[in-house]
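Observations on chain architecture
Residues per chain, in single letters:
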Amino acid sequence: MLWVSAGQATTRTLCMANNMALNFNASTQCVENRQGVRIRPRGFGGTDGLSVVNPDDAIKYKLFFTMFQALETVGYVSGKSLRSATYDWRKWGDDCYTETYLNALKDLIISTYEMNDNKRVRLMCHSLGCNIVLSLLEMVVDDTFKEKYISGLIALGPAWAGSAQTPESWISGPVYEFVPIQLSNMLLPSSSTWPSMLTLFPYEFDFGDGTLNSLWSNVTIIETKRRTYVWCSSPKREIFRSYPHHSIITLYHRYKATELNELIQDTVKVAPLGPSLLPSVLKWRARGKAPGVHVSALYVTDVNTPLSVKFPGDETTGFGTPTVTKYSEGDGTVNRDAMEVPLMRWQKSQQKHTVAMYPLELGGSVNHVGMVSDLTVIKHVLNILMGEEH
């Protein structure tokens, strides 16, 4: 995983944001780092890149430290039977980066299988990482590969169908409850260059058979002074229709870049690369076909999670500071339906492999990121690996 230090974020914010921004190369149709900047994730194939994500800071953020410690206690060996596929989350969805990374992930699975006496690999993912694994299983590897190399998937807080909070972040900058909106706005020129932001917009799966799920049906995601954006299911190819003071966006997986042009144009002043980034994002986003492996999904449901947001301004005057007008169940970042509805569908369509759901109520204090170090979650993970739970 790619992370930055607290020191950079608090004392050199503008410098950090500038270095984190991406350029779009019109010749290759791909993103690349700014000139003179080299950024790479740490510890691919090991565990140090995820265990402590800010090693240079005085106060360490031990993201997966407790999880890895528990796994090592029951016999997993870091770098051999316990490995991580760290990635540059900014670039996920970019055509050049995504294809290269998925092939590297496939090779890591094969090498881990071979390093451990040809024992099948259990994948574990969190958040956007689960979307990446789904793209791998749907687009890169076939059923023969899955049967030989993969014993199952443990998904933690999977953002299968995106997050209703992402469009707000696209307009305002990365949104976190503890981050002042002024800081989010400072990061916007950088975050609006990341393809991964668009990959996490709410969208509908067609599950590989053309049948849409309706988890976002008629949900108002964003209101501005001039328009209301409503995500809903429709078999029609006209994705965005405008009416006086009211616009309806219909999202599902197989839409074209031009069909979202009006939405992108509405935000082009704050996110000018949107039209260039969208085609490859749509190419690599999974359709929601059943993964074809055993799935165990753990997700928090008792934290208020933004569903609808209102901006006082618009694209002509400036959007202003948003206000959450409606919440849903979820983990504070990903809405419950976005995690759960695809699982329910796969339970019906995936006959050969089990799909087990673990909705967790953890007192409202464990959120999307915090769940990976929560002891209750870790206990479930160990029980699944030991065969005591599915």
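Bear in mind that the values here come from a model prediction, so they are computed numbers and not experimental data. (Residues numbered from 1 in each chain as written. Predicted model: local features only at pLDDT ≥ 70, side-chain atom pairs only at ≥ 80, totals over all residues. Heavy atoms only, no water.)

Some thoughts on the overall build of the protein
Along the backbone of the protein there are 14 helices and 14 strands. Contacts in the protein between residues far apart in sequence, at least 24 positions, make up 68% of those at least 6 positions apart. On the protein, roughly 17,300 Å² of surface is accessible, and the fraction owed to carbon and sulfur atoms is 52%. (Helix = DSSP H or I, 4+ residues; strand = E, 2+ residues; numbered from the N terminus. Contact = heavy atoms within 4.5 Å. Areas by Shrake-Rupley, 256 points an atom, 1.4 Å probe, with all protein chains shown as cover.)

Focus on the packing of helix α2 (residues 13-20) against helix α9 (residues 181-191)
Running from N to C, α2 and α9 point in directions that differ by 30°, and their axes come no closer than 7 Å. Considering their axes alone, α2 and α9 lie roughly parallel with respect to each other. Crossing handedness for the pair α2 and α9: right-handed. Counting all contacts with α2, which are made through Thr-13, Leu-14, Met-16, Ala-17 and Met-20, the residues of α9 involved are Leu-183, Met-186, Leu-187 and Ser-190. (Axes fitted to C-alpha atoms, helices over the stretch in contact; angles between N-to-C directions. Parallel < 35°, antiparallel > 145°, perpendicular 65-115°, else oblique. Left-handed = near helix turned anticlockwise from the far one by under 90°.)

Notes on the sheet that holds strand β3 (residues 121-126)
Ordered by their spatial adjacency, four strands build an open sheet running β3-β4-β9-β14, and the pairing between neighbours is parallel. Only two strands of the sheet have a single neighbouring strand rather than two, namely β3 and β14 (355-360). Neighbouring strand axes in the sheet, compared pairwise and without regard to direction, differ in orientation by 15° on average. In the sheet, strand β4 (residues 150-156) pairs with strand β9 (residues 295-300) via four bridges, with the strands oriented parallel. Counted as the bridge partner of Leu-153 is Val-295 from β9. Against the sheet, helix α6 (residues 128-140) touches β3 and β4, its axis set at about 135° to β3. (Pairing = 2+ DSSP bridges.)

Brief notes about the state of the cysteines
The tally for this structure, following the rule as stated, stands at two disulfides. For Cys-30, the disulfide goes to Cys-96, at an S-S distance of 1.9 Å. Judged by the sign of its S-S torsion, about 75°, the bond between Cys-30 and Cys-96 is right-handed. Separated by 66 residues along the polypeptide, Cys-30 in strand β2 (residues 30-33) and Cys-96 in helix α5 (residues 95-115) bring together distant segments of the chain. Residue classification places Cys-96 among the partly exposed residues on the basis of a relative accessible area of 38%. Cys-125 shares a disulfide with Cys-130; S-S distance 2.2 Å. On the sign convention where negative means left-handed, the S-S torsion of about 100° between Cys-125 and Cys-130 marks this disulfide as right-handed. When sorted by exposure, Cys-125 lands in the same class as Cys-130, which is buried. What connects to what in the protein, once the bonded cysteines are numbered by sequence position, is 1-2, 3-4. (Disulfide = S-S within 2.5 Å. Buried < 20%, exposed > 50% of the residue type's maximum accessible area, 1.4 Å probe, protein only.)

Examining the side chain of Ser-184
In this fold, Ser-184 is placed in helix α9. At 2.6 Å, the side chain of Ser-184 and the backbone oxygen of Pro-174 are in polar contact. (Polar contact = N/O pair within 3.5 Å; in protein donor to acceptor, adjacent residues only side chain to side chain.)

Focus: the pairing of strand β1 (residues 22-25)
Sheet topology places β1 next to β2; four bridges connect them, and they run antiparallel. Residue Asn-25 lies in a different strand from β2, and its bridge partner there is Cys-30. Hairpin connection between β1 and β2: a loop of four residues separates the two successive antiparallel strands, and Gln-29 in this loop has a positive phi of roughly 60°.

With respect to the packing of aromatic side chains
Counted according to the given criterion, the structure contains ten aromatic pairs. One aromatic cluster in this structure is built from Phe-44, Tyr-87, Tyr-97 and Tyr-101. Over the face of the ring belonging to Phe-65 we find Lys-62, whose NZ or CZ atom lies 4.8 Å from the ring centre. (Phe/Tyr/Trp six-rings, centres within 6.5 Å; stacked < 30°, edge-to-face > 60°. Lys NZ or Arg CZ within 6 Å of the ring centre and 35° of its normal.)

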